[in-house]
Amino acid sequence: MSDGGTPARPRAAASSPPARRALAVTDLAAWPLLSLAALGVVTYFLLSGSYLATIFEDVLIYAIAAMGLDLFGGYGGMVSLGQAGFIGLGAYGVGISAEHGFGPWACVGIAVGVVIGFAAATAVVAVRVSGITYVIITLAIGQILWGLSYQWTSLTGGDNGIPVTTAPSVGPFDLSDQQTLRVATLIVFLIVFGLLMLIAASPFGLSLRGMKSNERRLRALGYQTAHQRCLGYMIASFLGGIAGILYVYANLLVSPSTLEFSQDGYLVLMVVLGGIGTIWGPALGAIVIVLFQQEVSIYVARWQTLMGLTFIAAVAFKPDGIAGLLRAARGALHRVATASARQTPAGLAGRAAGPEGGPDLPPGGATEDQDQRAERPSAHRPGAL
Amino acid sequence: MTAAGASQASESASPQSSPALEVSGLSYRFGALFAVRDVSLSVPAGARFGVIGPNGAGKTTLFNLLSGELRPASGTVRLDGRDVTRLSPPRRAALGLGRTFQVTRLFTDMTVRENLTLAVHGLTRTKLQLLRPWRTYRKEQRRAEDLAGSFGLGNRLDHTPGELSHGELRELEVLLALATEPTVLLLDEPAAGLSPAERVDIQHLIRRLDPSLTLVVIEHDMNVLREVVSWIAVLHYGEVVVEGPTADVQQHPAVREIYLGKTGGQ
């Protein structure tokens, strides 16, 4: 009541930030449980030995590529339609060097080298162009790679592709064994996931978001955004290549269909459907898309139509994807929880009173004070972590 | 005349050898139209320097030339005696040039804390650090908090710009520029769109800035400008028509005619 002169500030402070902070706390509690549960389910199917194992192996592989795509696309605003090209580079890198008689680890090394080399050579694109132009040019790069894989038959085997039989061994573990490979894929996925979560929370990750939000301002603050762009592009491309290497050992074959245009599209779908600008969203998106491809296609002949409709519905009604849905669900849960915890009458009155509630009603004012007190301890938590 | 004004400025206010910011013969054209024409200014270190002129006089173009977002057709820009005419905005920022924008340019989908954190990391090597969360950079976080606290945004750290008042947005706009610890700060209409009460706030903020900071302020409103600067250059059709101490410029007949006359008086 004493601060009736400045009604705008306290009310704004009382509305969304406490909710956000509480969500951050809920996040902390829910995170390990949810991830453990998801991990348990995935591991179960992965090691079940049923046909679902191969599907979940595909999920993990595409998730690696999609998460990389999302780091630069979702955080940095540089959405690529050429990510499948890097899957192809990694896969063909292994396949072609195996055909030329290199040992399994040498094949992996060469594939990684080819991916990094090609990414470095094309990074100038990421540095120079933005927005829709970037989308189109990455599409062109992807299509050039696809064209090469299709037509340079002496090197790639053309339409038939290249079979790959021998995977490397890690100590006593032979990755040519599919079950062992699946465990290895899971481990690589977890490492990539962890690294990307870390990168997303790093100053570099923050600067990627800043670049997407307002690049001109970022430059005025001393950021030579060419560095951000180059590094982001290299990481995204590298992860595409890693996915490609795993892909070729999982499928024992690489052919032009690995990097055809529809694959680029699927990867972007995974990112958008899962939740752009989150690392775990694209992983969820990968589950949905791969299940569509492998499962729904068994029952529904026009599964692509169905997927297209799902996609349109998602973009129209829930543009922040599955991640957004989960966030909304958590928010709703949290609201229910706090509403009941707060011995409702005063709280509800404060909320229902709306714009004029603050200055007029004693209960409303008291609630605001409670809000402020309540938010303080939790406010320190995210910062301390 | 402008040359005389410039040398006068550096003699009267600066004991140092080279001015903090020096512009000579600067021109920029949009097609056949000169947006900035043969502008020469000398801003001594620690000066409070105002640039005023009606809308379309070339003020913001001049700022974009100073900050490096535009390359001049001719002329040079010197920062502490160093020719920066061909340097990009981030390089000029690294040499101590900070700026704000007339149209608020914040990272709108990020919180105040994230906005300030980005700015604080702007000129450090840590900005390309990949594997350590930015929240764990104690020194940088404390600096972001101190900056927000020192200008009344301390309790707004976890809000996004969409939740701030217009006055707070303009403050944050200035804070972002201050976070990089510039030696020369360019403020592009810091009071644009503010209510009279909010204008007083932003004037307070500007007056409280470190006296050693060299300040160049663009305004089209003389009432705002005269409170915060001691020297004014008047820009008209891209040219400096009058330059001198604030009081003199206010009284100058040419200014009254061009400026107040053209805009239709009060």
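Residues numbered from 1 in each chain as written. Chains lettered and ligands numbered in written order. Predicted model: local features only at pLDDT ≥ 70, side-chain atom pairs only at ≥ 80, totals over all residues.

### Thoughts on the overall build of chain B
The secondary structure content of chain B amounts to 10 helices and 10 strands. Relative to a compact globule of 266 residues, whose C-alpha radius of gyration would be 18 Å, chain B shows 19 Å and is just as compact. Considered along the principal axes of its C-alpha atoms, chain B spans approximately 55 × 40 × 40 Å. Counting only residues that meet the buried cut, chain B has 49% of its 266 residues in that class. Relative to all contacts within chain B whose residues are 6 or more apart in sequence, the contacts with residues 24 or more apart total 67%. (Helix = DSSP H or I, 4+ residues; strand = E, 2+ residues; numbered from the N terminus. Rg over C-alpha atoms; globule rule 2.2 N^0.38 Å. Buried ≥ 20, exposed ≤ 12 C-beta atoms within 10 Å, placed from the backbone. Contact = placed C-beta atoms within 7 Å.)

### Observations concerning the overall build of chain A
A count of helical and extended segments in chain A gives 16 helices and 4 strands. Partitioning the intrachain contacts of chain A with sequence separation of at least 6 by distance along the chain shows that 73% fall at a separation of at least 24.

### Looking at the sheet that holds strand β6 (residues 97-99) of chain B
Residue and element names in this part refer to chain B. In spatial order, the strands read β6-β7-β8-β3-β9-β10; together these 6 strands make up an open sheet with mixed pairing. At either margin of the open sheet sits one strand with a lone partner, and together these are β6 and β10 (239-245). The average angle at which neighbouring strand axes cross in this sheet is 15°, direction not considered. Relative to strand β8 (residues 214-219), strand β3 (residues 48-52) is paired through 5 bridges, and the arrangement is parallel. When the sheet's bridge partners are listed, Val51 is paired in β8 with Ile218. (Pairing = 2+ DSSP bridges. Axes fitted to C-alpha atoms, helices over the stretch in contact; angles between N-to-C directions.)

### A short note on the nonpolar core
Residues Tyr62(A) and Ile64(A) are the most contacted members of the largest nonpolar core, which totals 167 residues. For this core, the element with the most residues is helix α2 (residues 51-75) of chain A, which contributes 14 residues. Two domains share this core, each providing at least three of its residues, namely domain 1 (1-96 + 185-266) and domain 2 (106-181) of chain B. Beyond its immediate chain neighbours, meaning those up to four positions away, Ile64(A) contacts Val188(A), Phe189(A), Val192(A), Leu239(A), Ile242(A) and Ala243(A). (Core = buried A, V, L, I, M, F, W, Y, C linked by C-beta atoms within 7 Å. Domains from an automatic or database assignment.)

### Here we look at the domain arrangement of chain B
Residues and elements named next belong to chain B. When its domains are assigned, chain B resolves into domain 1 (1-96 + 185-266) and domain 2 (106-181). Domain 1 puts 11 residues into the contact, and the matching count from domain 2 is 10 residues. For the side of domain 1 that touches domain 2, the secondary structure elements donating two or more residues are α3 (89-94), β7 (184-188) and α7 (196-207). Residue contributions to the side of domain 1 that touches domain 2 peak at 4 residues, all from α7. Within the side of domain 1 that touches domain 2, the residues separate by chemical class into 8 nonpolar, 1 polar and 2 charged. (Nonpolar A, V, L, I, M, F, W, Y, C, P; charged D, E, K, R; others polar.)

### Examining the interface of chain B and chain A
Contact residues are listed per partner, giving 36 residues for chain B and 32 residues for chain A. Of all the elements in the fold, those that place two or more residues in the side of chain B that touches chain A are α3 and α4 (112-121) of chain B. Here the side of chain B that touches chain A gets 5 residues from one element, more than from any other, and that element is α4(B).

### Description of the sheet that holds strand β2 (residues 33-43) of chain B
All names here are of chain B. The 4 strands are arranged β2-β1-β4-β5 in an open sheet whose pairing can be described as antiparallel. Looking at which strands have only one partner, the edges of the open sheet turn out to be β2 and β5 (82-83). Sheet strands in contact with helix α2 (residues 59-67) are β1 (21-30), β2 and β4 (74-79), and its direction is about 60° off that of β2.

### Let's talk about the environment of Gly167(B)
Residue and element names in this part refer to chain B. Take Gly167: it is sitting in helix α6 (residues 166-179). Note on Gly167: 20 C-beta atoms within 10 Å, which makes it buried. Taking the C-alpha atoms as reference points, Gly167 and Leu194, 27 residues apart in sequence, are found 6.3 Å from one another. Setting aside chain neighbours within four positions, we find Gly167 in contact with Leu194, Glu198 and Asp201.

### Looking at helix α3 (residues 83-99) of chain A
Residue and element names in this part refer to chain A. Taking 1.5 Å as the rise per residue, α3 with 17 residues should run 24 Å; its terminal C-alpha atoms sit 24 Å apart, in good agreement. With respect to burial, α3 is a largely interior element, 16 of its 17 residues being buried. Two residues or fewer past α3, Gly101 is found with a positive phi of approximately 85°. (Expected span 1.5 Å × (residues − 1).)

### Quick look at the environment of Leu155(A)
Tracing the backbone through its elements, the reader meets Leu155(A) in helix α6 (residues 153-156). Given 15 C-beta atoms within 10 Å, Leu155(A) falls into the partly exposed group.

### What to know about the pairing of β10(B)
Residue and element names in this part refer to chain B. Summarising the sheet, strand β9 (residues 231-236) and β10 pair through 6 bridges and their orientation is antiparallel. Bridge pairing in β10 places Leu235 opposite Val240. Between β9 and β10, which pair antiparallel and follow one another directly, the connecting turn spans 2 residues, one of which, Tyr237, has a positive phi of 50°.

### Thoughts on helix α11 (residues 280-299) of chain A
Residue and element names in this part refer to chain A. Between the first and last C-alpha of α11 there are 28 Å, a value that for 20 residues agrees with the 28 Å anticipated at 1.5 Å per step. By the largest-angle criterion, Phe292 marks the main kink of α11, which is about 40°. Among the residues of α11, those classed as buried are Trp280, Gly281, Pro282, Ala283, Leu284, Gly285, Ala286, Ile287, Val288, Ile289, Val290 and Phe292. (Bend = angle between axes of the 7 residues up to and from the residue.)

### Regarding the environment of Trp303(A)
Residue and element names in this part refer to chain A. With respect to the helices, strands and loops of the structure, Trp303 is situated in helix α12 (residues 303-317). Residue Trp303 is classed as partly exposed on the basis of its C-beta count, with 16 C-beta atoms lying within 10 Å. With 209 residues separating them along the chain, Trp303 and Val94 place their C-alpha atoms 32 Å apart.

### Focus on unusual backbone geometry
Residue and element names in this part refer to chain B. A positive phi is found at Asp80, a non-glycine position, where the angle reads about 50°. Its place among the elements puts Asp80 in the loop between β4 and β5. Phi angles above zero are rare outside glycine, and Glu189 is one such case at about 45°. Among the secondary structure elements, Glu189 is positioned in the loop between β7 and α7.

### Quick look at the confidence of the model for chain B
Residue and element names in this part refer to chain B. Overall, the prediction assigns chain B a mean pLDDT of 86, with 91% of residues at 70 or greater. In this model, residues 1-16 is a region of pLDDT below 50 whose contacts with residues beyond four sequence positions or in other chains number 22 contacts. The model gives residues 262-266 a pLDDT under 50, and that stretch makes 3 contacts with residues more than four places away or in other chains. Both scores are given for the predicted complex: the pTM is 0.81, the ipTM 0.85. (pLDDT = per-residue confidence, 0-100.)

### Re the packing of α3(A) against helix α9 (residues 225-251) of chain A
All names here are of chain A. Axis separation between α3 and α9 bottoms out at 7 Å; the angle between their running directions is 50°. When the axis of α3 is compared with that of α9, the two are oblique. Note that α3 runs across α9; the crossing there is right-handed. For the pair α3 and α9, the contacting residues are Gln83, Phe86, Ile87, Gly88, Leu89, Gly90, Ala91, Val94 and Gly95 in the first and Ser237, Gly240, Gly241, Ile242, Ala243, Gly244, Ile245, Tyr247 and Val248 in the second. The class makeup of the residues in the contact of α3 with α9 is 10 nonpolar, 8 polar and no charged. (Parallel < 35°, antiparallel > 145°, perpendicular 65-115°, else oblique. Left-handed = near helix turned anticlockwise from the far one by under 90°.)

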